[in-house]
Structure formats: C-alpha cells, structure tokens
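In case you want the letters, here they are:
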Amino acid sequence: RAKSVNMGRITFYEEKNFQGRSYECSTDCSDIHMHLNRCNSCRVDNGCFVVYDRPNFLGNQVFLRRGDYPDFQRMGSMTGMMALCRMIPMHRGQFRMRIYERDNFGGQTHELMEDCESIQDRYYMSDCQSCNVLEGHWLMFEQPNFRGRMLYVRPGEHRNLRDVTMSNLTRISSIRRVMDLC
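The rules behind these values
- Residues numbered from 1 in each chain as written.
- Predicted model: local features only at pLDDT ≥ 70, side-chain atom pairs only at ≥ 80, totals over all residues.
- Heavy atoms only, no water.
- Helix = DSSP H or I, 4+ residues; strand = E, 2+ residues; numbered from the N terminus.
- Buried < 20%, exposed > 50% of the residue type's maximum accessible area, 1.4 Å probe, protein only.
- Contact = heavy atoms within 4.5 Å.
- Areas by Shrake-Rupley, 256 points an atom, 1.4 Å probe, with all protein chains shown as cover.
- Pairing = 2+ DSSP bridges.
- Axes fitted to C-alpha atoms, helices over the stretch in contact; angles between N-to-C directions.
- UniProt positions renumbered as here; feature names shortened; annotations may be inferred.
- Core = buried A, V, L, I, M, F, W, Y, C linked by side-chain atoms within 4.5 Å.
- Phe/Tyr/Trp six-rings, centres within 6.5 Å; stacked < 30°, edge-to-face > 60°.

**A look at the overall build of the protein chain**
Assigned secondary structure in the protein chain consists of 2 helices and 16 strands. In the protein chain, buried positions account for 48% of the 182 residues. At a minimum sequence separation of 6, the contacts of the protein chain that also span at least 24 residues come to 68%. Total accessible area on the protein chain is roughly 9,200 Å²; 41% of this is exposed by carbon and sulfur atoms.

**A short note on the sheet that holds strand E11 (residues 106-112)**
Taken in spatial order, the 4 strands make up an open sheet running E11-E10-E12-E15, and their pairing is antiparallel. Two strands close off the open sheet at either side, each with one partner strand: E11 and strand E15 (156-158). Along the sheet, successive strands turn relative to each other by an average axial angle of 15 degrees, direction set aside. Pairing of strand E12 (residues 130-135) with E15, which is carried by 3 bridges, proceeds in the antiparallel orientation. When the sheet's bridge partners are listed, Val-133 is paired in E15 with Gly-156.

**Notes on the environment of Phe-18**
Its place among the elements puts Phe-18 in the loop between strand E2 (9-15) and strand E3 (19-25). Residues Phe-18 and Asn-40 lie 22 residues apart in sequence; the distance between their C-alpha atoms is 8.1 Å. Sequence-distant contacts of Phe-18, that is, excluding residues within four places in its chain, are made with Tyr-13, Ser-41, Cys-42, Arg-43, Asp-68, Tyr-69 and Pro-70.

**Quick notes on unusual backbone geometry**
Positive phi outside glycine occurs at Phe-105, with the angle close to 60 degrees. By the element assignment, Phe-105 lies in the loop between strand E10 (96-102) and E11. According to the relative accessible area criterion, Phe-105 is partly exposed, its value standing at 22%. Notably, Tyr-124 is not glycine yet its phi reads approximately 55 degrees, a positive angle. Position of Tyr-124 among the secondary structure elements: in the loop between helix H1 (119-123) and E12.

**Some points on the UniProt feature "domain: Beta/gamma crystallin 'Greek key'" (unreviewed entry) in the protein chain**
Under the UniProt annotation, "domain: Beta/gamma crystallin 'Greek key'" (unreviewed entry) lies at residues 8-46, 47-82 and 136-179. What you have in residues 8-46 is 0% helix and 51% strand, and the ends, taken at the C-alpha atoms, are 5 Å apart.

**Some details on the sheet that holds E2**
Spatially, 4 strands are ordered E3-E2-E4-E7 in an open sheet, and the strand pairing comes out antiparallel. Edge positions in the sheet fall to E3 and strand E7 (67-69), since each has one partner strand and no second. In this sheet, neighbouring strand axes are inclined to one another by 15 degrees on average, regardless of whether the strands run parallel or antiparallel. When E2 meets strand E4 (residues 41-46), the two strands line up antiparallel, connected through 5 bridges. Considered in E4, the bridge of Arg-9 is made with Asn-46.

**Quick word on the nonpolar core**
Residues Ile-99, Met-140 and Ile-175 are the most contacted members of the largest nonpolar core, which totals 19 residues. For this core, the secondary-structure elements that each account for two or more residues are E10, H1, E12, strand E13 (138-143) and strand E14 (147-153). Every residue in contact with Ile-175, bar those within four places of it in the chain, is listed here: Met-97, Ile-99, Leu-112, Asp-115, Cys-116, Ile-119, Trp-138, Leu-139, Met-140 and Phe-146. With 18 residues, the next largest nonpolar core counts Cys-25, Cys-42, Val-51 and Met-82 among its residues.

**As for the packing of aromatic side chains**
Going through the model one piece at a time under the given rule, you end up with 5 aromatic pairs. Taking 5.6 Å as the distance between ring centres and 75 degrees as the angle between the ring planes, the aromatic pair formed by Tyr-13 and Phe-18 counts as edge-to-face. Classification of Tyr-13 as buried rests on a relative accessible area of 12%. When the centroid spacing of 5.8 Å and the interplanar angle of 85 degrees are considered together, the rings of Phe-95 and Trp-138 count as edge-to-face. Placement of the pair is Phe-95 in the loop between strand E9 (90-92) and E10 and Trp-138 in strand E13, with a sequence separation of 43 residues. For Phe-95, a relative accessible area of 5% puts it in the buried group.

Now the structure itself:
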C-alpha cells in the first residue's frame, strides 16, 4: 500500500529577500496573515507546498518546492497577496487519476498513471473539467508542457475544476504527478 510522507518546512517573510518578521510552518496554514502583516518572500527547506492568493484554498495557486523565493510579486500568477498555503504530502507508490472532458464526470474519460504533456495531443481532448484522483497528488496546468497557471488536486473526486479554484484558469492542457519534484 502506498504511503504519503509528511516532512515539509516553509518560512514566510514580511519583506522581500527574507527580511522582516518571519513565520515558519510545517503543515497547512489557513491564514498566514494571522502571523504576518504581509508576505513578500519565503524559503522552502523541505517538501512541497502550494500557496493560494484567496482564503479557503481558492484562487490562483503557485507550486513551491525546496528553494528560495525572494520576491512573490515577480511570480506572475499571483494576482494579490498570498493568503495561505497547503503542504503536499510526498506520495510513495502508484499514481492514478481519471480525467473527464466535462464537469460532473461527463464526456470522454481517460486514466492517467504518468505525466501528460498535452491532453489534446495524447487523447484528442480539448479540455479537462473534472477528475477523480485515485492515487497520488497531481498538478494540472493551463498550457501544454506544464506551463501557465496551475491547479493542485489531491486524492478524491473533483466534479468541477472551475468551481474548485475560483481563479481565471481557462482550461486544463497538461498534467504532472507531484513526485521527486521536492
């Protein structure tokens, strides 16, 4: 049986270039602003995280892996202040997801077990509007080759990907597993 391993640590800083007050966490944080007035940089020591620009894990998302992020305003997909973060557990084992062309699991369906650089080229699907993540954690991207705005999906049913994000994400064109990226 596959296991998810939780070993992450991220530190947020009020100012750019890791200056000012800081807040460290190793789990999900539903409101960074409870600890800091603003957040302009961060450092990921271990693990992978997704940061969101709206409360309730909504809005535009940015995937962060181990490394330094000295200036959030230079990260183009964040429209507002970063509001919260979610730690992505590292998954060991098989990856499986069913993708559907339309919301509520309608239209064409395909099962993925590996990364897909272009759902249009591989499956002749112009979009993916719902999915069922059976195993593993995945990132879905607006453009082919894992580019553009992204959406993090964890195990479970996701009946309408547009409602889940409440962002300006227009379509899903490529999909990548979260594995050894951290």
